[in-house]
Amino acid sequence: LCRELSDLETQNEQMLAQMNQLKENEKSCQELLERYDFTEWEITEWSEQRAVFNFLYDSIELTVGFGPPIDGDIFGEDPSRKIVSLNFESLLDEEKAPPSSCLVQRLIFQFIESRGCWQEKCPTLYYLPQVLHDISLVVSRCKILGEEIEFLERWGGKFNLLKTDINDTKVKLLFSASTAFAKFELTLSLSANYPSASLPFTVQNQIGNIGEEEISAVLSNVPIGYHYLRRIVSLIHQNLLQDPR
C-alpha cells in the first residue's frame with residue numbers, strides 16, 4: 001500500500017510538472033502570436049472604383065484601383081475581378097516626424113520599390129490578401145526597429161551609448177566608456193530585410209583600441225532576429241565596455 005501511495009505521489013508530481021510546462025508553452029505561444037501579428041493595415045475606403053488601405057499610424061496609404069465588376073457580383077468582391085492599379089503614397093510629414101520614423105518610412109518604401117510593378121503581382125482581387133500580408137510583414141519589422149532606436153535614444157546611457165544619429169538608412173552609434181578607456185563610432189547599414197540578415201558596419205575609433213576586428217567578434221555572437229539592434233548594443237556594452245578589472 002505504501003508503495004502504491006508513493007507511486008501515486010510520483011505520478012501526481014509528474015502530471016503537475018507537465019501541466020506547468022504546458023502552461024509555460026501556452027504563454028510562450030501567445031507571446032509569439034502577439035509579437036508576430038502582421039495585420040498592420042486598416043481599410044479606410046471600399047467603393048465600386050477603389051479601395052484605400054492605411055499602414056503605420058496612417059503614414060502610408062495604398063490605393064487599389066478596380067476594373068469593371070464581374071456580372072452577378074453584387075458587392076464587387078469576386079476574387080477574379082481585375083485590379084488595374086496599386087499606388088503607394090507616404091503621408092508622413094518628414095519635417096515634423098522624429099528621425100526614427102523617417103528611417104522606418106524609407107526602409108518600407110525601399111522594399112516597396114524593390115518589388116517593381118505591384119499591379120503585375122496583384123492582377124486580381126484574389127492576390128490582394130497576399131500583398132497586404134507582405135506589406136504588413138515589412139511594416140511590422142520596421143516599426144519594431146523604430147521602437148528599438150527610440151529605446152536607445154532614451155536609455156542608451158545604460159549601455160555607454162553616448163549618441164544615436166540617423167543618416168538616410170544608416171544608424172550611427174557613439175560609444176564611450178572611461179572605465180574601458182574607449183570611445184568609438186559604430187555605423188550600421190540597415191535595409192528592409194531587418195532583422196533577418198546581419199548588418200554591414202564600419203567602425204571609427206577615437207580613443208582606445210576597439211576597432212572592426214573587436215566589433216566583428218562581438219557581432220558574430222549576436223543571432224539575427226527580434227530586437228537585433230538592441231541585443232547588438234547590449235553585447236558591445238557587456239563584452240567591450242566594462243571595467244577590464
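Look up: the structure comes first, before these words.
Rules behind the numbers
Residues numbered from 1 in each chain as written. Predicted model: local features only at pLDDT ≥ 70, side-chain atom pairs only at ≥ 80, totals over all residues. Heavy atoms only, no water. Helix = DSSP H or I, 4+ residues; strand = E, 2+ residues; numbered from the N terminus. Buried < 20%, exposed > 50% of the residue type's maximum accessible area, 1.4 Å probe, protein only. Salt bridge = Lys/Arg side-chain N within 4 Å of Asp/Glu carboxyl O. Axes fitted to C-alpha atoms, helices over the stretch in contact; angles between N-to-C directions. Parallel < 35°, antiparallel > 145°, perpendicular 65-115°, else oblique. Left-handed = near helix turned anticlockwise from the far one by under 90°. Contact = heavy atoms within 4.5 Å. Nonpolar A, V, L, I, M, F, W, Y, C, P; charged D, E, K, R; others polar. 1 Å grid on protein atoms, 1.4 Å probe; cavity = no way out; pocket = protein on both sides within 12 Å on 5 of 7 lines; lining within 4 Å. Points joined across faces, edges and corners; volume = space filled by probe spheres on them.

Engineer: Please set out unusual backbone geometry residue by residue, giving values where relevant.
Structural biologist: Glycine aside, the phi torsion of most residues is negative, and most peptide linkages are trans. Each neighbour pair has its own omega, and for Tyr194 with Pro195 the value is 0°, a cis peptide bond. In this structure, Pro195 sits in the loop between β7 (182–189) and β8 (201–207). Phi is positive for Tyr57, which is not a glycine, with a value near 55°. Looking at the element boundaries, Tyr57 is found in the loop between β2 (50–55) and β3 (60–66). With a relative accessible area of 66%, Tyr57 lands in the exposed category. Even without a glycine there, the phi angle at His227 is positive, about 55°. Looking at the secondary structure, you find His227 in the loop between α5 (212–219) and α6 (228–240).

Engineer: Which residues make up the pattern of salt bridges, and what values go with them?
Structural biologist: With the rule as written, the count across this model stands at four salt bridges. Between Glu40 and Lys143 there is a salt bridge, with the nearest N and O atoms lying 3.1 Å from each other. Of this pair, Glu40 sits in the loop between α1 (2–35) and β1 (41–46) while Lys143 sits in helix α4 (residues 128–155), placing them 103 residues apart in sequence. The buried category is assigned to Glu40, whose relative accessible area is 15%. Residue class for Lys143 comes out partly exposed when judged on its relative accessible area of 21%. The salt bridge partner of Asp168 is Arg106, with a shortest N-O separation of 3.6 Å. One end of the pair, Asp168, is in the loop between β5 (161–167) and β6 (170–177); the other, Arg106, is in helix α2 (residues 99–114), and 62 residues separate them in sequence.

Engineer: Outline the packing of α2 against α4, supporting the account with residue identities and numerical values.
Structural biologist: Where α2 meets α4, the closest approach of the two axes is 9 Å, and the angle between their N-to-C directions is 155°. Comparing the axis directions of α2 and α4 gives the class roughly antiparallel. For the crossing formed where α2 meets α4, the hand is right-handed. Between α2, through Ser100, Leu103, Val104, Leu107, Ile108, Phe111 and Ile112, and α4, the contact on the second element is made entirely by Asp134, Ile135, Val138, Val139, Cys142, Lys143, Leu145, Gly146, Ile149 and Glu150. Along the lines of polarity and charge, the residues of the contact of α2 with α4 split into 12 nonpolar, two polar and three charged.

Engineer: Which residues make up the side chain of Thr169, and what are the values?
Structural biologist: Note that Thr169 resides in the loop between β5 and β6. Here Thr169 falls in the buried class, since its relative accessible area comes to 15%. When near neighbours in sequence (up to four residues on either side) are disregarded, Thr169 contacts Leu103, Arg106, Leu107, Gln110, Leu188, Ser189 and Leu190.

Engineer: An account of the environment of Val233 is requested, with residue identities and associated values reported.
Structural biologist: Assignment of secondary structure puts Val233 in helix α6. Looking at Val233, the relative accessible area reads 0%, which means it is buried. Sequence-distant contacts of Val233, that is, excluding residues within four places in its chain, are made with Leu152, Phe159, Leu161, Leu173 and Phe175.

Engineer: Describe in detail the environment of Asn205, supporting the description with residues and values.
Structural biologist: Here Asn205 lies in strand β8. Take Asn205: its relative accessible area is 35%, and that puts it in the partly exposed class. With 20 residues separating them along the chain, Asn205 and Glu185 place their C-alpha atoms 6.5 Å apart. Ignoring any residue separated from it by four or fewer positions in sequence, one finds Asn205 in contact with Lys183, Phe184 and Ile210.

Engineer: Can you lay out the packing of α5 against α6 for me, pointing to particular residues and giving the numbers?
Structural biologist: The interhelical angle for the contact between α5 and α6, taken along N-to-C directions, is 120°, at an axis separation of 10 Å. Comparing the axis directions of α5 and α6 gives the class oblique. The crossing of α5 and α6 is right-handed. Contact with α5, carried on its side by Glu214, Ile215, Val218 and Leu219, involves Ile232, Leu235, Ile236, Asn239 and Leu240 of α6 and no other residues of that element. Among the residues forming the contact of α5 with α6, the class breakdown is seven nonpolar, one polar and one charged.

Engineer: Quick one: what's the story with the layout of surface pockets, residue by residue and with numbers?
Structural biologist: The calculated volume of the largest pocket comes to roughly 210 Å³. When residues of the lining of the largest pocket are traced back to their parent elements, those giving at least two are α2 and α4. With five residues, α4 is the largest single contributor of residues to the lining of the largest pocket. Counted by class, the lining of the largest pocket contains five nonpolar, five polar and three charged residues.

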